[in-house]
Amino acid sequence: MQLVQSSSSVQNIWAGVLAISSVLGSLALACMFPFAAIATLLAATLPFRKAAVWMGAVWFANQLVGYLILGYPQNANSFGHGLAIGITALATLGIAKTIFQLRGDQSLFSALLAFAGAFVAFEALLYVAALYLGGVQNFMPSVVWMIGQNDLLWLAGLTLLYLVLDGTLFGKIETRTNAEG
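Reading the values: the criteria
- Residues numbered from 1 in each chain as written.
- Predicted model: local features only at pLDDT ≥ 70, side-chain atom pairs only at ≥ 80, totals over all residues.
- Heavy atoms only, no water.
- Helix = DSSP H or I, 4+ residues; strand = E, 2+ residues; numbered from the N terminus.
- Buried < 20%, exposed > 50% of the residue type's maximum accessible area, 1.4 Å probe, protein only.
- Contact = heavy atoms within 4.5 Å.
- Areas by Shrake-Rupley, 256 points an atom, 1.4 Å probe, with all protein chains shown as cover.
- Phe/Tyr/Trp six-rings, centres within 6.5 Å; stacked < 30°, edge-to-face > 60°.
- Core = buried A, V, L, I, M, F, W, Y, C linked by side-chain atoms within 4.5 Å.
- Polar contact = N/O pair within 3.5 Å; in protein donor to acceptor, adjacent residues only side chain to side chain.
- Expected span 1.5 Å × (residues − 1).

A few words on the overall build of the protein. Regarding its fold elements, the protein presents seven helices and zero strands. Ordering the α and β elements of the protein from the N terminus gives α-α-α-α-α-α-α. Among the 181 residues that make up the protein, the fraction classed as buried is 43%. Taking contacts inside the protein between residues at least 6 apart in sequence as the whole, the part at least 24 apart equals 77%. Element-wise, carbon and sulfur atoms account for 71% of the exposed surface of the protein, whose accessible area totals about 9,300 Å².

Counted by the stated rule, this structure contains nine aromatic pairs. Pairing Tyr67 with Phe79 gives two aromatic rings, centres 5.2 Å apart and planes at 50 degrees, and the pair type is tilted. In this pair, Tyr67 sits in helix H3 (residues 48-69) while Phe79 sits in helix H4 (residues 76-103), placing the two residues 12 residues apart along the sequence. The class for Tyr67 is buried, based on a relative accessible area of 13%. Three or more aromatic residues joined by ring pairs form one cluster here, namely Phe33, Phe35, Phe122 and Trp154.

Ranked by size, the top nonpolar core spans 38 residues in total, and within it Phe35, Ile38, Leu42, Met55, Leu93 and Leu158 carry the most contacts. When residues of this core are traced back to their parent elements, those giving at least two are helix H1 (8-29), helix H2 (35-45), H3, H4, helix H5 (108-133) and helix H6 (141-166).

Moving on, we come to the side chain of Thr159. Structurally, Thr159 can be placed in helix H6. Note on Thr159: relative accessible area 14%, which makes it buried. A polar contact is formed between the side chain of Thr159 and the backbone oxygen of Leu155, at a distance of 2.6 Å.

Once that is clear, we can look at H5. Look at H5: 36 Å from first C-alpha to last across 26 residues, which is about the 38 Å you get at 1.5 Å a residue. For H5, the set of buried residues is Ser110, Ala111, Ala114, Phe115, Ala118, Phe119, Ala121, Phe122, Glu123, Leu126, Ala129 and Ala130. On the buried face of H5, the contacting elements are H2, H4 and H6. Just past H5, the residue Gly134 takes up positive phi, approximately 95 degrees.

Printed below as a string of structure tokens:
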């Protein structure tokens, strides 16, 4: 099974789904938003420029929810953390895209490798930011493990949703049914 770049209309619907999920995910999870999962899926399914624009939009939506609805503190340190997340999210997208390009496909195995690389990079880059901005305690193994599980669940759910939108999942099921009948 491959995650492939679909038609422009599917890409636009997909981008909209990710934008909505970023708002809903931000409301539900606040500081545990699955940027690595989103970066992996954008890298697999959209051209890089379009993916970068949507990654920026997902980050911006996350920040708007945080500051306007969830009441994040509006001070220099908080804005610094937000900016670090945005820069890290874009870097993570670049890492996931590079892994897909090096592998030469968007197979499930490549997606898992891209996700692993994106997740490690995201956490490592945010840790470096936390060394200067504070919050190193948020990188205890138990916390990182919880965030990793959250990201993996989002990756699985959104991948299934993409395969439904793209027609890949039901197309394969229908093909198998017709072949058996």
